[in-house]
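A closer look at the structure
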Amino acid sequence: MTALILLISCSLLVAVGFLLSFLWSVKNGQYDDTYTPSVRMLFENELNEKQPAEQTASNNKEQEPYNHPST
């Protein structure tokens, strides 16, 4: 009987934790925009083509191989 009470109290504690985290996420706007993330991958290439040349140059610089200081 003691184990049953312990399991019920633990499950209620976990349920209250999930409820509080859900309410916190709703209050902070996690579910305000549900449309944009679903279509973002469809327009990703168009956004990359509109990037300025400076950003593209910095991206190329990051891809240079790493030279070890001892060589």
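Please refer to the structure placed before this passage.
One structure accompanies this document, and this report is about it. (Residues numbered from 1 in each chain as written. Predicted model: local features only at pLDDT ≥ 70, side-chain atom pairs only at ≥ 80, totals over all residues. Heavy atoms only, no water.)

When helices and strands are tallied, the protein chain shows four helices and zero strands. When its helices and strands are written in sequence order, the protein chain yields α-α-α-α. Evaluated residue by residue, the protein chain yields a buried proportion of 3% over its 71 residues. Carbon together with sulfur atoms contributes 63% to the accessible area of the protein chain, which is approximately 7100 Å² in total. (Helix = DSSP H or I, 4+ residues; strand = E, 2+ residues; numbered from the N terminus. Buried < 20%, exposed > 50% of the residue type's maximum accessible area, 1.4 Å probe, protein only. Areas by Shrake-Rupley, 256 points an atom, 1.4 Å probe, with all protein chains shown as cover.)

The terminal C-alpha atoms of helix H1 (residues 2-27) lie 37 Å apart, and with 26 residues this matches the ideal 38 Å at 1.5 Å per residue to within 8%. Phi for glycine 29, located one or two positions after H1, is positive at around 85°. (Expected span 1.5 Å × (residues − 1).)

Time to look at the packing of aromatic side chains. Aromatic ring pairs are described here by two measures, namely the spacing of the ring centres and the angle between the planes. One pass over the structure, following the stated rule, counts one aromatic pair. Note on phenylalanine 22 and tyrosine 31: the rings are 5.9 Å apart at their centroids and 45° apart in plane angle, and the pair reads as tilted. (Phe/Tyr/Trp six-rings, centres within 6.5 Å; stacked < 30°, edge-to-face > 60°.)

Together, Val16, Leu19, Leu20, Phe22, Leu23, Val26 and Tyr31 make up an exposed nonpolar region whose accessible area comes to about 680 Å². Counting through the fold element by element, valine 16 comes out in helix H1. The partly exposed category is assigned to valine 16, whose relative accessible area is 45%. (Patch = residues over 30% accessible without salt bridge, like charges linked within 9 Å, V, L, I, M, F, W, Y side chains within 5 Å. Salt bridge = Lys/Arg side-chain N within 4 Å of Asp/Glu carboxyl O.)

With that settled, consider the side chain of serine 25. With respect to the secondary-structure elements, serine 25 resides in helix H1. On the basis of relative accessible area, serine 25 is assigned to the buried category, the value being 10%. Ignoring sequence-local partners within four residues, the contact set of serine 25 consists of Gln30 and Tyr31. (Contact = heavy atoms within 4.5 Å.)

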